[in-house]
Amino acid sequence: MIEFKKDITFEEYNELRRLVGWGTISERQFNTSIPNSRFITVGKCDGKTVSMARAVGDGGYHLLIVDVIVHPDFQGQGIGKEMLSQLMDFVKNGYVEKGETTMVSLLSAKGKEPFYEKMGFIKRPNDERGAGMSLFYTQE
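In this report, the structure presented in the accompanying data block is examined. Every chain begins its residue count from 1, and numbering advances along the sequence as written. In keeping with the model being predicted, local features are shown solely for residues with a pLDDT of at least 70 and side-chain atom pairs are shown and tallied solely at 80 or more, while totals for entire chains, interfaces and linings include all residues. The side-chain values count all of the structure's non-hydrogen atoms but skip hydrogen atoms and water molecules.

Once that is clear, we can look at the nonpolar core. Nonpolar core, defined: a set of buried Ala, Val, Leu, Ile, Met, Phe, Trp, Tyr and Cys residues in which side-chain atoms within 4.5 Å join the residues together. Think of it in three bands: residues with accessible area under 20% of the maximum for their type are buried, residues over 50% are exposed, and the middle band is partly exposed, with areas taken using a 1.4 Å probe on protein chains only. In this structure, Leu 63, Ile 65, Val 68 and Leu 87 are the most contacted members of the largest nonpolar core, which totals 20 residues. Within the residue set of this core, elements represented by two or more residues are strand E2 (39-45), strand E3 (48-57), strand E4 (62-70) and helix H3 (79-95). It is H3 that provides the largest number of residues to this core, a total of six residues. Residues in contact with Ile 65, not counting those within four places in the same chain, are Arg 54, Ala 55, Leu 84, Leu 87, Val 104, Ser 105, Leu 106, Leu 107 and Phe 121. Helix numbers and strand numbers start at the N terminus; a helix is a DSSP run of H or I with at least 4 residues, a strand a run of E with at least 2. The contact criterion used throughout is that any non-hydrogen atoms of two residues lie within 4.5 Å.

This part covers the layout of surface pockets. Any residue with an atom within 4 Å of a point lines the site, the site being either a cavity, points on a 1 Å grid over the protein atoms alone where a 1.4 Å probe fits but cannot get out, or a pocket, an open set with protein on both sides within 12 Å along at least 5 of 7 lines. Grid points are joined across faces, edges and corners, and a volume is the space filled by probe spheres set on the points. Volume-wise, the largest pocket comes out at about 1200 Å³. Along the walls of the largest pocket sit 39 residues, with Trp 22, Val 66, Asp 67, Val 68 and Leu 107 positioned nearest its centre. Those elements that place two or more of their residues in the lining of the largest pocket are helix H1 (10-19), helix H2 (27-33), E4, H3 and helix H4 (113-118). With seven residues, the single largest contributor to the lining of the largest pocket is E4. Under the scheme applied here, ten amino acids are nonpolar (Ala, Val, Leu, Ile, Met, Phe, Trp, Tyr, Cys and Pro), four are charged (Asp, Glu, Lys and Arg), and all others, including Gly, are polar. Of the residues contributing to the lining of the largest pocket, the split by class is 21 nonpolar, 12 polar and six charged. Every residue lining the second largest pocket is counted, 22 residues in all, and those nearest its centre are Ser 105, Leu 106, Phe 121, Ile 122 and Arg 124. Within the residue set of the lining of the second largest pocket, elements represented by two or more residues are strand E5 (103-106) and H4. Of the residues forming the lining of the second largest pocket, the biggest block, four residues, is contributed by E5. For the lining of the second largest pocket, a count of residues per class yields 11 nonpolar, six polar and five charged.

So, in structure tokens, the structure goes:
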């Protein structure tokens with residue numbers, strides 16, 4: 001059974017990133033980014049960290065989902081869906097007030113778009129919006 005918490009260590013976070021083929025981040029980046037997240041949920045099974053999702057935002061109009069990671073051995077069990085449900089509950093019950101609209105965005109990992117579409121996200125580009133874009137900058 002998966003228990004959801006709010007805490008994750010630097011080592012646990014980088015191990016999840018490594019397991020799904022993402023690069024690791026520095027301890028300084030971790031110590032800055034994780035505490036500044038607007039939302040975080042961490043799945044634990046028998047004390048082992050097996051998933052995490054988090055979002056950052058401006059506290060008003062925009063919320064960006066920056067991590068949805070599930071350990072490969074635990075994928076396909078509904079954990080990602082549960083974490084996104086928790087995130088959307090956060091949006092509905094505290095991020096946006098009655099009568100307001102907020103934009104929840106994400107950059108999907110390649111091939112994971114159908115998962116997010118099932119959760120109500122709209123693929124880009126489409127007739128109304130261009131493609132999402134990103135740039136990775138490394139300080140030399």
